[in-house]
Amino acid sequence: MSPALIRSGLLLPAAAAWLVALGATAWPGSAPVAAGVLALAALPLAVRAARRRTRSAVLLVAGVATCTAVLAAVAAGEARRHPPGLPTGAPVVIDVRVDQVAAITGNDRVGGLTARRLLRGAVTARAGRTLDVPVLLFAPAGAPITPGSVVRLRTVLRAAPPADAAALIGSVDGRVEPVKRPPPAQVVAADLRAGLLARTARLPGDGGALLPGLAVGDTTRVGDDLQQAMQDASLTHLTAVSGANRAIVVVAVFGLCGLLRLPRAVRIVVAGAALAGFVVLVTPQPSVVRAGTMAAVALLSALRGGRAAGVPALAAAVLMLLVVDPWLAWSAGFVLSAAATAGLLLLAPPLVDRLARVLPVPLAVVLAVPIAAQAACQPVLVLLQPGIPVLGVMANLLAEPAVPLVTVLGLLACLLGPVAPPLAAAAAALAWVPAAWIGLVARSAGGLPQLGWPGGAIGAALALGLLVAGVLAVVRSVPRRLRVAGAATAALALVVVVGGAAGGTAGRLVGTPRDWTFAACDVGQGDGLVLNGGGGHYAVVDTGRDDRPIAACLSRLGVGRIELLVLTHWDADHVGAARSIAARVGTALVGPADGGAAVALRTGLARAGAQVQETRRGDVVRLGRLRLDVLWPPDPLGGVEPGNAASIALHVTGGGASLLLIGDLGEQAQDALLAAGTLPRVDVVKVAHHGSADQSPALYAGAGAAFGVVSVGADNDYGHPTRRLLGILRAVGTQPVRTDQDGLVLVSWAGGKLVVWSERAVTAAVWTPAERARAHGRQARGALRAEDRAGPLDRRPSGADRPRVRARGAAGGARDPAHPRDPRRGGPEPRGHRPRRGHGGSG
């Protein structure tokens, strides 16, 4: 192979191999045919390259050869991943080698929040037959499992998506029984990690939580709120051990060997051994594997007397790993690690050159490194998290200098624990200082707004195009015309994106009503509700499952301090994001705990500073102008089981519109609430359990609400909202408003009128009120006027998304938002007049 080819780093063949791996693993049936075609094509190409000996010809042959190897690896991997004799859809007892263990929370079979473990590994045996099938298992909490162990368990397996790293997914039924102990090296590594966790548990705040992650990649103690802050500040990569940590370890070992005056070959061998030990210590995650392989290639090159060039080492590492495991192509950690390294190797030098023309060279280097890494990763990042942190580069500039200190001191605290506990404690205490600084930077930068950016493939393509244009603008070897075109394209794209994001944000801010009382955030399949008591008094009722949707909604609504957090019950789709906002909560109202995970969440809220109180029927809470009456659960519970049936139900008054929030109460519990004699008539009801079929028609008829807000996720697997629920609402004259279709929903009482606003008017546009008219006729509440049956919504301009305003008492729409009709009264209602209870109002 020619020196020119080596200097090129084989990046083009590596990129081609990655793209081929993406496609072949997504459609594995095509791999054998494609491999055969490429193999046949490689023969004439090889002959031509041998004759011409040009770099382009050799690169073409190398690309075809590596792509053929990847396709062959996919074909072989498919046979290994789906062997005959390993059934799916039926209980099976298997032996599993556990490679990684992670603590998670999730719903059990009855919907309760419970602590679980995520096990990644491989099925090694079933019924005496040796196998090697990658698997992902959800197991109950129990005795610790050390990576490298072989365990026996009972599960029901199902096939994972073709591109998933695991071929099979299952939930463990019963106990996990150890079969074989892990290798001694992994036992030692597990003991060292456990010792570091125990030692840092005594260190306070974010510094103690981050230190194990920064040192050895163990993020067990990083809470959801801190993790969200790190993500929002673009600092998550610091706790995902990768190239930077590997470089620090190798450099430190080389430096120590240099002080001991060891020969060069010995230094390289010792550094390689340290590198292998470090990979075992932090467990072989995709980013660690990429960094370790790249370092091994560089060390082997140096051992042979060559220069350990970064670009060839990166390309060789990517090619080798994709041939060994093509499914790594879909690993976000692997792709981000490789992209960041490529950015540092290829983009940072020309950036330094450009910046050095106007800045001192040291400052140019400091700025170029995070800019290059961020730019190279951004096309992938927007697929995972739309939006760009405004101060992400600045946050990295402030945090990066602390990383080597945390890594070195944290590793010393980890390694010295068994032999010199006092020295280990001192090293951990010293490492806490830079770790706490990183936490402070994350908290400060993560709370700032993000630059809007399109999500999905469009956003990724736009980011990639902007990256290419930027590279053309800064690389000196590119012809001048291309550099000018690249600079112009990059500038134009930035203007369009920033201008569009600013315009959309301004439009949403201008168009969003500011006097709302109740908000239903679009948090997917779950509940995330907000109450506004005026004067900065806010309550959050449930949080949804994921951190980002509720955080984005609270930011949009201008909610900072949360005076009251109400967790209606303990299902993950209602409390999953509670820890991410815990530090902002004053008081937390909760219902009866239904398991250990609920108790742990209550404890976590208390540790974050919230005053946790258990509530029952009859309690009254004041929130600014609002009064919250607790209608459920009863006290004592009697025969009511903790969970859905014990959801906290609230009657909210004082903000003009009256509200009924009933969590996930089922039909039996709803009937019991109705029988208790405390059910009020209200303007708006939050439909129970995301619109499931388990509903009481009598409760919705008794509430007499004009609107029913359904907090539900788009394309959910449960079929929510169900036809039965929608039929109940039609029958009693309650118009649904759905977060999956309508987005953010706000309720207010303005000028004596009930106003229900939403981002998108989808539900009402397809809602047919004929059944409601007949229902109202039967109940002697007045008839709908013919013009109210048209159903279109009034529009109020609000920028790019132009949300629509509903300003009426039911599904028909008044043409003038200032003078809406009350459909239940049959004509325009004077401003300042509120419907009487007998006409369906709340009184």
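So, here's what we can say about the structure. (Residues numbered from 1 in each chain as written. Predicted model: local features only at pLDDT ≥ 70, side-chain atom pairs only at ≥ 80, totals over all residues. Heavy atoms only, no water.)

## Examining the overall build of the protein chain
In plain terms, the rule: Here a helix means four or more residues in a row that DSSP labels H or I, a strand means two or more in a row labelled E, and each is numbered from the N terminus. Burial classes: relative accessible area under 20% of the type maximum marks a residue as buried, over 50% as exposed, and values in between as partly exposed (1.4 Å probe, protein chains only). Any two residues having at least one pair of non-hydrogen atoms within 4.5 Å are treated as being in contact. Accessible surface area values rest on a Shrake-Rupley calculation with a 1.4 Å probe, where residue burial reflects the displayed protein chains alone.
Looking only at helices and strands, the protein chain features 27 helices and 27 strands. Taken over 843 residues, the protein chain has a buried fraction of 51%. In the protein chain, once contacts between residues fewer than 6 apart in sequence are set aside, the share between residues at least 24 apart is 66%. Total accessible area on the protein chain is roughly 35900 Å²; 63% of this is exposed by carbon and sulfur atoms.

## A look at a nonpolar patch on the surface
For clarity, the threshold we go by: Patch construction takes residues with relative accessible area above 30% that form no salt bridge. Like charges are linked within 9 Å, and nonpolar side chains (Val, Leu, Ile, Met, Phe, Trp, Tyr) are linked within 5 Å. Here, a salt bridge means any Lys or Arg side-chain nitrogen found within 4 Å of an Asp or Glu carboxyl oxygen.
On the surface, Leu391, Met394, Leu398, Trp437 and Leu440 cluster together into a nonpolar patch covering about 460 Å² of accessible area. When you line up the elements, Met394 lands in helix H14 (residues 392–399).

## Observations regarding helix H5 (residues 184–200)
Heads up, the condition is: A helix's residues, less one, multiplied by 1.5 Å, set its expected span.
Between its terminal C-alpha atoms H5 stretches 24 Å, which fits the 24 Å expected from 17 residues at 1.5 Å a residue. Buried within H5 we find Ala189, Ala190, Leu192, Arg193, Leu196, Leu197, Arg199 and Thr200.

## Let's talk about the nonpolar core
Selection criterion: Nonpolar core, defined: a set of buried Ala, Val, Leu, Ile, Met, Phe, Trp, Tyr and Cys residues in which side-chain atoms within 4.5 Å join the residues together.
Grouped together as the largest cluster of nonpolar side chains are 46 residues, with contacts concentrated most on Leu211, Val216, Leu235 and Ile438. Top element by residues in this core is helix H16 (residues 421–446). It accounts for eight residues. If sequence neighbours within four positions are ignored, Leu211 has contacts with Leu196, Thr200, Leu203, Val406, Gly410, Ala428, Ala431, Trp432 and Ala435.

## A word on the environment of Pro144
In this fold, Pro144 is placed in the loop between strand S3 (129–140) and strand S4 (150–159). Pro144 sits in the exposed class, given a relative accessible area of 79%. In this structure, the C-alpha to C-alpha distance between Pro144 and Arg117, residues 27 residues apart in sequence, is 9.8 Å.

## Some thoughts on the sheet that holds strand S20 (residues 707–710)
Rules: What makes two strands pair is DSSP finding at least two bridges between them. Here the axes come from fitting lines to C-alpha atoms, over the contacting stretch only for helices, and the angles between their N-to-C directions go from 0 to 180 degrees.
Taken in spatial order, the seven strands of this open sheet run S15-S16-S17-S18-S19-S20-S21, and their pairing is mixed. Across the chains shown, the open sheet's two edge strands, defined by having one partner strand only, are strand S15 (620–623) and strand S21 (735–738). When the angles between neighbouring strand axes are averaged without regard to direction, this sheet yields 20 degrees. Taken together, the four bridges between S20 and S21 define a ladder with parallel strand orientation. What sits directly across from Phe707, in S21, is Gln735.

## Digging into the environment of Ile648
Locating Ile648 in the fold gives a position in the loop between strand S16 (626–632) and strand S17 (649–655). Measuring from C-alpha to C-alpha, the distance between Ile648 and Arg616 comes to 7.8 Å, with 32 residues separating the pair along the chain.

## Observations concerning the side chain of His690
Defined as follows: Contacts described as polar in this section are N or O atom pairs within 3.5 Å, which, within protein, must combine one atom able to donate a hydrogen with one able to accept it, while residues neighboring in sequence count only if both atoms come from side chains.
As for its placement among the helices and strands, His690 is situated in the loop between strand S19 (684–686) and helix H23 (697–703). Polar side-chain contacts of His690 include one of 3.1 Å to the side chain of Asp573. Only 2.9 Å separates the side chain of His690 from the backbone oxygen of Ser711, close enough to count as a polar contact. His690 has contacts with Gln525, Gly526, Asp527, Asp573, His574, Asp664, Val710, Ser711, Val712, His720 and Pro721, leaving out every residue within four places of it along the chain.

It is worth stressing that arrangement in space is one thing and function is another; only the former is reported here.
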